[in-house]
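Structure at a glance
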Amino acid sequence: MTPNNSGFVIGPLQKDQIDRTYVIAQAAMPDLTLDSWRRVTGGSERRNFIVATDTRGYSRGLCHVRLEKHPVAGPLFDVAMFIVISPLHEHEIAAALFACIERQAIDAKSKYLRFWSLRPEIWSVLDDQEFRHRWDHGVIYRL
């Protein structure tokens, strides 16, 4: 992980960031418990999380991404969570996270990015393949 032009570090969620990023995730999903967060982010699913940190090491953004083989769209880079929490520079953090996600999607030969509409129940449908294969939620961005 290296700082981008705005000084923020964008990269995969690290073990030592799990508890610090819980606050960000819980802000968007109030029913999310710390135990549940630790269970999911402590396993192989952690590789699907991207975190943005500032120069002091504070977590300022969090994303959950996954490459899907969608029945309609084909390779689809699914962004179930895109959260930026910062008193300053939120546009720069969001742009840096978006650029990271877009680069990963292009590298994965995806044709589309889909940004889910953020709702408190996102956590409960994250692994629901039927929901992920629907075409009627979120915003689709063609690459």
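First things first, this report covers the structure right here in the doc. (Residues numbered from 1 in each chain as written. Predicted model: local features only at pLDDT ≥ 70, side-chain atom pairs only at ≥ 80, totals over all residues. Heavy atoms only, no water.)

With respect to helix α1 (residues 18–28)
The line we're drawing: Only protein chains enter the accessibility calculation, which uses a 1.4 Å probe; a residue whose area is less than 20% of its type maximum is buried, one above 50% is exposed, and one in between is partly exposed. Helix and strand definitions here come from DSSP, where helices need a minimum of 4 consecutive H or I residues and strands a minimum of 2 consecutive E residues; each element is numbered from the N-terminal end. Working rule for contacts: check all heavy atoms of both residues, and any pair within 4.5 Å makes them a contact.
Those residues of α1 not exposed but buried are Ile18, Thr21, Tyr22, Ile24, Ala25 and Ala28. Those residues of α1 that are buried are in contact with α2 (34–41), β2 (49–53), β3 (59–70) and β4 (74–84).

Quick notes on the pairing of β3
The line we're drawing: DSSP-based pairing: two strands are paired if at least 2 bridges between them are found.
Within β3, 10 of the 12 residues are buried, which leaves it mostly tucked inside the rest of the structure. Joining the antiparallel neighbours β2 and β3 is a turn of 5 residues, in which Gly57 adopts a positive phi near 90°. Examined bridge by bridge, β3 and β4 share 10 bridges and lie antiparallel to one another. Counted as the bridge partner of His70 is Gly74 from β4. The hairpin turn running from β3 into β4, its antiparallel successor, is 3 residues long.

Thoughts on the sheet that holds strand β5 (residues 112–115)
Across a sheet, strands are paired by hydrogen bonds formed along the backbone, either parallel or antiparallel in direction. Keep this limit in mind: For helices, the axis comes from a line fit to the C-alpha atoms of the stretch in contact; other axes are also lines fit to C-alpha atoms, and the angle between any two N-to-C directions lies between 0 and 180 degrees.
Here 6 strands make up an open sheet; going across it, the order is β1-β2-β3-β4-β5-β6 and the pairing mixed. At either margin of the open sheet sits one strand with a lone partner, and together these are β1 (9–12) and β6 (139–142). On average, each strand axis in the sheet is tilted by 25° relative to the strand beside it, whichever way the strands run. Contacts from helix α3 (residues 90–107) reach β1, β2, β3, β4, β5 and β6, with the element oriented near 160° to β4.

Remarks on the packing of aromatic side chains
The geometry of an aromatic ring pair comes down to the distance between the two centres and the angle between the two planes. What counts here: Centre distance within 6.5 Å is the pairing criterion for rings of Phe, Tyr and Trp, where only the six-membered ring of Trp is used; planes under 30 degrees apart are then read as stacked, over 60 as edge-to-face, and the remainder as tilted.
For the structure on display, the rule yields 4 aromatic pairs. Relative to Phe49, the ring of Trp37 lies with its centre 5.2 Å away and its plane at 75°, an arrangement referred to as edge-to-face. In this pair, Trp37 is assigned in helix α2 and Phe49 in strand β2, connecting sequence segments 12 residues apart. By relative accessible area, Phe49 is classed as buried at 0%. Taking 5.3 Å as the distance between ring centres and 80° as the angle between the ring planes, the aromatic pair formed by Phe98 and Tyr141 counts as edge-to-face. Of this pair, Phe98 sits in helix α3 while Tyr141 sits in strand β6, and the two are 43 residues apart along the sequence. Overall, the relative accessible area of 24% leaves Phe98 in the partly exposed class. The class for Tyr141 is partly exposed, based on a relative accessible area of 34%. Linked through ring pairs, Phe82, Phe98, Phe115 and Tyr141 together constitute an aromatic cluster.

It is worth stressing that arrangement in space is one thing and function is another; only the former is reported here.
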